[in-house]
Amino acid sequence: MVEFRFDIKPLFAQPIIKVTSNLLPNTFRGDRRQCLDATTKMTEIIDKLGQLSATSQGLSKPVTTAQRLRMCDNQTIYLLADNEAGHNGAVLGLLKVGTKNLYLFDGTGKTRMVEQAPSILDFYVHESRQRSGLGKRLFQTMLNEEQWTASKCSVDRPSEKLLSFLSKHYGLKRIIPQANNFVLYEGFFNDGESGNGDGNGHDHGTPNGLHITNSPNTHLFGATYLGEDSNQRRGSQQQTTPNARLQQITQISPSGRYGAKRPTCSMAEVLRDAPQA
Ligand code: ACO
């Protein structure tokens with residue numbers, strides 16, 4: 001439980017509040033002086049919970065600070081408190097979500113730019129209250145408020161605990177490999193990863209919010225096959241069926257500056273042109 005020198009009850013009119021870049025609880029009502037007081041206290045709460053989350057994940061600096069939230073118009077922090085705990089009540093957990101424009105691989109290995117993909121950015125329940133259902137309560141409230149579903153969320157560098165949490169509560173097990181730090185689950189692209197996508201985000205060139213690109217990801221990582229049975233398939237040289245393609249991550253050959261022909265070594269030229277002995 002995280003207690004503060006001030007009474008948190010006026011800030012938590014309900015057990016779970018939402019805070020955005022104005023650093024005020026969504027339930028807040030008050031005059032200018034109260035507003036200033038509330039933002040000062042919310043800053044302290046967010047910074048403290050952000051620091052505890054970082055420590056718990058072994059990160060050198062927090063993902064969540066009030067200063068960062070103030071500068072992001074597309075992020076929301078959900079905070080869970082217990083007003084009955086201690087003298088001043090206690091804050092129990094934090095969940096930060098937002099939207100991101102991401103280059104992502106779908107299940108067929110195509111690179112897509114997804115605009116405003118729902119993203120789970122930071123998640124923490126105090127150690128004294130973990131594994132008692134509070135994380136599920138916080139996460140489910142967020143899904144309802146944002147009108148998201150769990151399989152449509154990208155997750156920024158999830159910990160083992162979060163992977164286990166998503167598996168247990170939302171049945172999310174099958175990951176679509178990505179070249180960045182985000183984890184996606186099957187179902188993120190609505191069409192069973194067949195390539196049509198469902199539009200997690202907003203449209204960028206196609207009617208579904210997904211944009212198949214010739215992106216830096218594709219250029220950078222070269223032709224790769226990451227399916228679990230890649231060695232077996234390579235050995236048997238079997239034709240790739242559409243179904244098998246679902247398992248693959250393939251990328252086009254590098255082109256542009258990443259695919260430029262290597263310059264001929266000048267020593268090789270000297271040797272080639274030298275008169276034969
Ligand atoms: N080890 C393994 N799995 C765990 C653990 C743990 N220590 N704690 C929670 N879980 C998973 C399990 O699936 C567990 O089910 P089980 O007890 O039957 O095994 C399930 O979560 C419990 O669900 P809740 O009680 O609803 O979740 P909880 O209140 O524990 O909150 C959370 C989950 C937020 C992941 C919490 O464990 C936590 O704060 N962990 C430390 C910080 C962390 O790793 N945060 C995620 C970072 S990555 C990111 O934010 C994008």
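Residues numbered from 1 in each chain as written. Predicted model: local features only at pLDDT ≥ 70, side-chain atom pairs only at ≥ 80, totals over all residues. Heavy atoms only, no water.

In the nomenclature of an unreviewed UniProt entry, the protein is known as Alpha-tubulin N-acetyltransferase of Drosophila mauritiana. The Sequence similarities (unreviewed entry) field of the UniProt record for the protein holds the comment "Belongs to the acetyltransferase ATAT1 family." UniProt lists a comment for the protein under the heading Catalytic activity (unreviewed entry), and it reads "L-lysyl-[alpha-tubulin] + acetyl-CoA = N(6)-acetyl-L-lysyl-[alpha-tubulin] + CoA + H(+)". (UniProt positions renumbered as here; feature names shortened; annotations may be inferred.)

Q: Explanation requested: the overall build of the protein in the structure shown.
A: Scanning the protein from N- to C-terminus turns up eight helices and eight strands. A total of 277 residues make up the protein; the buried ones form 42% of that total. A sequence separation of at least 24 residues applies to 64% of the contacts in the protein between residues at least 6 apart. When the accessible surface of the protein is summed, it comes to about 15,500 Å², and 49% of that surface belongs to carbon and sulfur atoms. (Helix = DSSP H or I, 4+ residues; strand = E, 2+ residues; numbered from the N terminus. Buried < 20%, exposed > 50% of the residue type's maximum accessible area, 1.4 Å probe, protein only. Contact = heavy atoms within 4.5 Å. Areas by Shrake-Rupley, 256 points an atom, 1.4 Å probe, with all protein chains shown as cover.)

Q: Would you mind going over the pattern of salt bridges with me for this structure?
A: Between side chains of opposite charge, pairing is possible as soon as their charged atoms come close. This model, assessed by the stated rule, comprises eight salt bridges. As a salt-bridge pair, Asp 37 and Lys 41 come within 3.0 Å of each other at their nearest N and O atoms. Taken together, the residues span about one helical turn, with Asp 37 and Lys 41 both in helix α1 (residues 32-57) at a distance of four residues. (Salt bridge = Lys/Arg side-chain N within 4 Å of Asp/Glu carboxyl O.)

Q: Explain the site of the ligand to me, please; I cannot follow it from the model alone.
A: Around the ligand sit 26 residues, and of these Phe 123, Gly 133, Ser 159, Ser 164 and Lys 168 come closest. One of the backbone nitrogen or oxygen atoms of Phe 123 is found 2.7 Å away from a nitrogen atom of the ligand. Between Ser 132 and the ligand, the recorded distance is 3.1 Å, taken from a backbone N or O atom to an oxygen atom. Taken together, the elements giving at least two residues each to the shell around the ligand come down to α1, β4 (111-125), α3 (134-146), β5 (154-156) and α4 (160-170). Within the shell around the ligand, the residues separate by chemical class into ten nonpolar, nine polar and seven charged. (Near = heavy atom within 4 Å. Polar contact = N/O pair within 3.5 Å; in protein donor to acceptor, adjacent residues only side chain to side chain. Nonpolar A, V, L, I, M, F, W, Y, C, P; charged D, E, K, R; others polar.)

Q: Would you mind going over the pairing of β4 with me for this structure?
A: Where a strand is regular, its side chains alternate between the two sheet faces. Counting buried positions along β4 gives 14 out of 15 residues, so the element sits mostly inside the fold. Two strands pair when backbone bridges link them, and strand β3 (residues 90-105) and β4 are joined in this way by twelve bridges, in the antiparallel orientation. Note that in β4 the partner of Lys 100 across the bridge is Ala 117. Counting the residues in the hairpin turn of β3 and β4 gives five residues, including Gly 109, whose phi is positive at 95°. Summarising the sheet, β4 and β5 pair through two bridges and their orientation is parallel. Across the sheet, residue Ser 119 finds its bridge partner in β5, namely Ser 154. You can see the chain leave β4, run along α3 and come back into β5, and the turn it takes is right-handed. (Pairing = 2+ DSSP bridges. Right-handed = clockwise from strand over helix to strand, strands pointing away.)

Q: Looking at this structure, I do not really get the packing of aromatic side chains. What am I missing?
A: Any pair of aromatic rings gets described here by the distance separating the centres and the angle formed by the planes. Tallied over the entire structure, the rule returns seven aromatic pairs. Look at Phe 123 and Phe 139: their rings are 5.8 Å apart centre to centre, the planes differ by 40°, and that puts the pair in the tilted class. You can see Phe 123 sitting in strand β4 and its partner Phe 139 sitting in helix α3, a full 16 residues away along the chain. A ring pair is formed by Phe 188 and Phe 189, whose centres lie 5.0 Å apart and whose planes are at 75°; its orientation type is edge-to-face. No difference in accessibility class separates Phe 188 from Phe 189, as the two residues are buried. An aromatic cluster is present here, built from Phe 123, Phe 139, Phe 165 and Tyr 170 joined pairwise through their rings. (Phe/Tyr/Trp six-rings, centres within 6.5 Å; stacked < 30°, edge-to-face > 60°.)

Q: Looking at this structure, I do not really get the side chain of Asp 122. What am I missing?
A: Relative to the helices and strands, Asp 122 resides in strand β4. Of the side chains bearing the opposite charge, Lys 96 lies closest to the buried Asp 122, which forms no salt bridge; the N-O distance is 6.0 Å. At 3.1 Å, the side chain of Asp 122 forms a polar contact with the side chain of Gln 57. Those residues in contact with Asp 122 that sit more than four places away from it in its chain are Ser 53, Gln 57, Val 63, Thr 64, Leu 94, Leu 95 and Lys 96. (Lys, Arg positive; Asp, Glu negative; His and termini not counted.)

Q: So what exactly am I meant to see when it comes to α4 here?
A: Inspection of α4 places Leu 162, Phe 165 and Leu 166 among the buried residues, and these make up the whole buried set. Along the axis of α4, the buried residues cluster in a sector spanning 95°; they form a single face. In α4, the exposed positions that point more than 90 degrees away from the buried face belong to Glu 160 and Lys 168. Along its buried surface, α4 packs onto β4, α3, β5 and β7 (182-185). After α4 finishes, the residue Gly 171 shows a positive phi value of roughly 65°. (Arc of directions from axis to C-beta.)

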